[in-house]
Amino acid sequence: MSIYRSDVIPPEDHIRSIRLSPNRPTTPAKPSFGLDSPAGLAASSITAPLYLYASLRGKFQIWDDILSQLSDTDFSSPSLDVGCGRGLVLLKIAQRKKAIAARVGAANVQPAYGIDIFASADQTGNHPVATYKNAAAMGVLDLTVLHSASFAETFPFADGVFSIVTASLSLHNVREADQGVAVREMARVCSPCGIILVVDLFGVNGHAHILKELGWQDVSVKGAGLRMVYGIFPCQILRAVKPG
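Residues numbered from 1 in each chain as written. Predicted model: local features only at pLDDT ≥ 70, side-chain atom pairs only at ≥ 80, totals over all residues. Heavy atoms only, no water.

The name given to the protein chain in an unreviewed UniProt entry is Methyltransferase type 11 domain-containing protein, with Echria macrotheca as the source organism.

Take a look at the structure:
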């Protein structure tokens, strides 16, 4: 089954294009994921330490906790990170896929896909080359596919192809109506019995309501705790399972 819709030309895979380029960047010693929204940090005033902790450490811990609850079966099928930026969640998933591939064989594990418009206002240094360099540093180029695409429009992917669909601090960057488009598209491309995982500042309860209307099961929203408080804005975690 094709990952992409039959009515679209598959978009450029930045990882492949950069990898094949004669001017491809050198692989850094370690990945770098930048800082979330510099404007948000500036506006956080006396709560800036909370913002910095969430951006530089807390979100890493939260996503490690979230992903540790999933099974090898979840990771073996294709996954999608919506608004992937420099690849924090995208590449954490690719790392887990790599570990599983070492045990069961690479042919049995499908790549991690990421889409973004790569706006630097949302994350410092946000660019496909930055994501490529992080993937190279983490040794997961073979398990990463990266496209430029807006999550406020119809995704270029076919129905029901991803076992895990994630969004980390991305949906709040667009207007409410477009967030609804993104959540419905995430639901469309998620496979039966697949999982949607969203971590964001606000609007999460609205996303949960959409999924409940679509008949999704085990829809839950909980606070991310003190590890992810951006200034005065705490984050929430949405988890939902698509009916089989």
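Visitor: So, the side chain of Ser76: which residues are in play, and what are the values?
Guide: Its place among the elements puts Ser76 in helix 4 (residues 72–76). On the accessibility criterion, Ser76 (17% relative accessible area) is buried. Discounting chain neighbours no more than four positions away, the residues touching Ser76 are Lys97, Ile100, Asn108, Val109 and Gln110. (Helix = DSSP H or I, 4+ residues; strand = E, 2+ residues; numbered from the N terminus. Buried < 20%, exposed > 50% of the residue type's maximum accessible area, 1.4 Å probe, protein only. Contact = heavy atoms within 4.5 Å.)

Visitor: Explain the state of the cysteines residue by residue, including any values.
Guide: Following the criterion strictly, the structure yields zero disulfides and no others. The thiol sulfur of Cys84 is not disulfide-bonded, and the nearest other cysteine sulfur, from Cys190, lies at 17 Å. Given a relative accessible area of 7%, Cys84 falls into the buried group. Free cysteine: Cys193, not disulfide-bonded; nearest cysteine sulfur from Cys190 at 9.4 Å. (Disulfide = S-S within 2.5 Å.)

Visitor: Give me the lowdown on the packing of aromatic side chains, citing residues and values where you can.
Guide: Applying the stated criterion across every chain yields a total of eight aromatic pairs. On the numbers, 6.4 Å between centres and 75° between planes, the contact of Tyr4 with Tyr113 is edge-to-face. On the criterion of sequence distance, the pair formed by Tyr4 in the segment before helix 1 (14–20) and Tyr113 in strand 2 (residues 112–116) is long-range, its members being 109 residues apart. When its relative accessible area of 8% is taken as the criterion, Tyr113 is described as buried. Taken together, a centroid distance of 5.0 Å and an interplanar angle of 85° make the contact between Phe157 and Phe162 edge-to-face. (Phe/Tyr/Trp six-rings, centres within 6.5 Å; stacked < 30°, edge-to-face > 60°.)

Visitor: Describe the nonpolar core, with residues and values.
Guide: Formed by 47 residues in total, the largest nonpolar core has its most connected members in Met228, Tyr230 and Cys235. Of all the elements in the fold, those that place two or more residues in this core are helix 1, helix 3 (48–68), helix 5 (88–104), helix 6 (128–137), strand 5 (190–200) and strand 9 (236–241). The next biggest cluster of nonpolar side chains, apart from the first, holds 33 residues, and it includes Tyr4, Val145, Val189 and Leu211. (Core = buried A, V, L, I, M, F, W, Y, C linked by side-chain atoms within 4.5 Å.)

Visitor: Can you tell me about the UniProt feature "domain: Methyltransferase type" (unreviewed entry) in the protein chain, naming the residues and giving the values?
Guide: UniProt tags residues 80–197 as "domain: Methyltransferase type" (unreviewed entry). For residues 80–197, helix accounts for 35% and strand for 24%, while the C-alpha atoms at its two ends are 10 Å apart. (UniProt positions renumbered as here; feature names shortened; annotations may be inferred.)

Visitor: Lay out the packing of helix 3 against helix 5 in plain terms, naming residues and giving numbers.
Guide: Where helix 3 meets helix 5, the axes come as close as 11 Å, and the angle between the chain directions of the two elements is 40°. With respect to helix 5, the axis of helix 3 lies oblique. For the pair helix 3 and helix 5, the sense of crossing is right-handed. Packed against helix 3, whose contacting residues are Lys59, Phe60, Trp63, Asp64, Leu67 and Ser68, the element helix 5 presents Leu88, Val89, Lys92, Ile93 and Arg96 at the interface. Per-class residue counts for the contact of helix 3 with helix 5 are six nonpolar, one polar and four charged. (Axes fitted to C-alpha atoms, helices over the stretch in contact; angles between N-to-C directions. Parallel < 35°, antiparallel > 145°, perpendicular 65-115°, else oblique. Left-handed = near helix turned anticlockwise from the far one by under 90°. Nonpolar A, V, L, I, M, F, W, Y, C, P; charged D, E, K, R; others polar.)

Visitor: Can you break down the pairing of strand 5 residue by residue, with the values?
Guide: Each regular strand displays side chains that alternate between the two surfaces of the sheet. Where burial is concerned, most of strand 5 is hidden: nine out of the eleven residues are buried. Where strand 4 (residues 162–168) meets strand 5, six bridges bridge the pair, whose relative direction is parallel. Within strand 5, the residue paired with Ser168 across the bridge is Val199. With respect to chirality, the unit in which strand 4 leads through helix 7 (residues 176–189) into the neighbouring parallel strand 5 is right-handed. As defined by bridge partners, strand 5 adjoins strand 9 across six bridges and the pair is classed as antiparallel. Its bridge partner lying in strand 9, Leu197 is registered against Arg239. (Pairing = 2+ DSSP bridges. Right-handed = clockwise from strand over helix to strand, strands pointing away.)

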